[in-house]
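# Understanding the architecture of this molecule
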Amino acid sequence: QVQLVESGGGLVQPGGSLRLSCIASGSIRSINAMGWYRQAPGKQRELVATITSGGTTDYADSVKGRFTISRDNAKNTVYLQMNSLEPDDTAVYYCKADAATWIRSTNYFWGQGTQVTVSS
């Protein structure tokens, strides 16, 4: 079983920055891709950024140039550095990991989410 715990959300003014962290724990054999998703009120959940185990990244067009995803494989942690935040970035941010345990093959695991609110 794999658990993901996000942290770092909060209230920030437009133009500000936040850094989200997601720590994976449990009986982890390996973690492949990790990513951040977000869901605003009344909207569908959308992909924000992904990163492979080798460090290849991908970003949604709306955050490209402002957000940076990174990971520390030794600590089973993924980060999302968010700069130049805009009101449209307001959402609950979720961490996702494609992980394999010692018991079963790779599956998707989700964190509980952390609220990010961008408002003046």
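Anything mentioned here points back to the structure above.
In this text the structure is predicted, and so the values were computed from the model without any measurement.

Take the overall build of the chain next. Tallying secondary structure elements over the chain gives 0 helices and 11 strands in all. Going from the N terminus to the C terminus, the chain shows its helices and strands as β-β-β-β-β-β-β-β-β-β-β. What you see for the chain is a C-alpha radius of gyration of 14 Å, in line with the 14 Å of a compact globule of 120 residues. Dimensions of the chain along its principal axes, counting C-alpha atoms only, are 45 × 25 × 20 Å. Within the chain, buried positions represent 42% of all 120 residues. Sequence separation of 24 or more characterises 55% of the internal contacts of the chain that already satisfy a separation of 6 or more. By element, 46% of the accessible surface of the chain is carried by carbon and sulfur atoms, the whole surface being about 6400 Å². Within the chain, the 9 negative side-chain charges are centred at a point lying 7 Å from the centre of the 11 positive side-chain charges.

Core analysis: the largest hydrophobic core is formed by 32 residues, its most contacted members being Trp 36, Leu 80, Met 82 and Tyr 93. Contributing elements (two or more residues each) for this core: strand E1 (2–7), strand E3 (18–26), strand E4 (28–39), strand E5 (46–51), strand E7 (67–72), strand E8 (77–82), strand E9 (91–101) and strand E11 (114–118). Counting residues per element, this core draws most heavily on E9, which supplies 5 residues.

The tally for this structure, following the rule as stated, stands at 1 disulfide. Here Cys 22 pairs with Cys 95 through a disulfide, and the sulfurs are 2.2 Å apart. Between Cys 22 and Cys 95, the S-S dihedral sits near -80 degrees, and the bridge is therefore left-handed. In this pair, Cys 22 sits in strand E3 while Cys 95 sits in strand E9, placing the two residues 73 residues apart along the sequence. Take Cys 22: its relative accessible area is 0%, and that puts it in the buried class.

Moving on: the environment of Arg 29. By the secondary structure assignment, Arg 29 is in strand E4. Separated by 72 residues in sequence, Arg 29 and Thr 101 place their C-alpha atoms 4.7 Å apart. Setting aside anything within four residues of it in sequence, one finds Arg 29 in contact with Ala 100, Thr 101 and Trp 102.

Attention shifts here to the pairing of E8. In terms of residue burial, E8 counts as a mostly covered element, since 5 of its 6 residues are buried. Here E3 pairs with E8 via 6 bridges, running antiparallel. Bridged to Leu 20 within E8 is Leu 80. In this structure, E7 lies alongside E8, joined through 6 bridges in antiparallel fashion. Bridge assignment links Asp 72 to a residue of E8, and that residue is Thr 77.

In this structure, Glu 46 sits in strand E5. Spatially, the C-alpha atom of Glu 46 lies 30 Å from that of Ile 103, the residues being 57 residues apart in sequence. The contact partners of Glu 46, leaving out residues within four places of it in the chain, are Tyr 37 and Arg 38. At 2.8 Å, the side chain of Glu 46 and the side chain of Arg 38 are in polar contact.

Reading the values: rules and limits
- Residues numbered from 1 in each chain as written.
- Predicted model: local features only at pLDDT ≥ 70, side-chain atom pairs only at ≥ 80, totals over all residues.
- Heavy atoms only, no water.
- Helix = DSSP H or I, 4+ residues; strand = E, 2+ residues; numbered from the N terminus.
- Rg over C-alpha atoms; globule rule 2.2 N^0.38 Å.
- Buried < 20%, exposed > 50% of the residue type's maximum accessible area, 1.4 Å probe, protein only.
- Contact = heavy atoms within 4.5 Å.
- Areas by Shrake-Rupley, 256 points an atom, 1.4 Å probe, with all protein chains shown as cover.
- Lys, Arg positive; Asp, Glu negative; His and termini not counted.
- Charge placed at Lys NZ, Arg CZ, Asp CG, Glu CD.
- Core = buried A, V, L, I, M, F, W, Y, C linked by side-chain atoms within 4.5 Å.
- Disulfide = S-S within 2.5 Å.
- Pairing = 2+ DSSP bridges.
- Polar contact = N/O pair within 3.5 Å; in protein donor to acceptor, adjacent residues only side chain to side chain.

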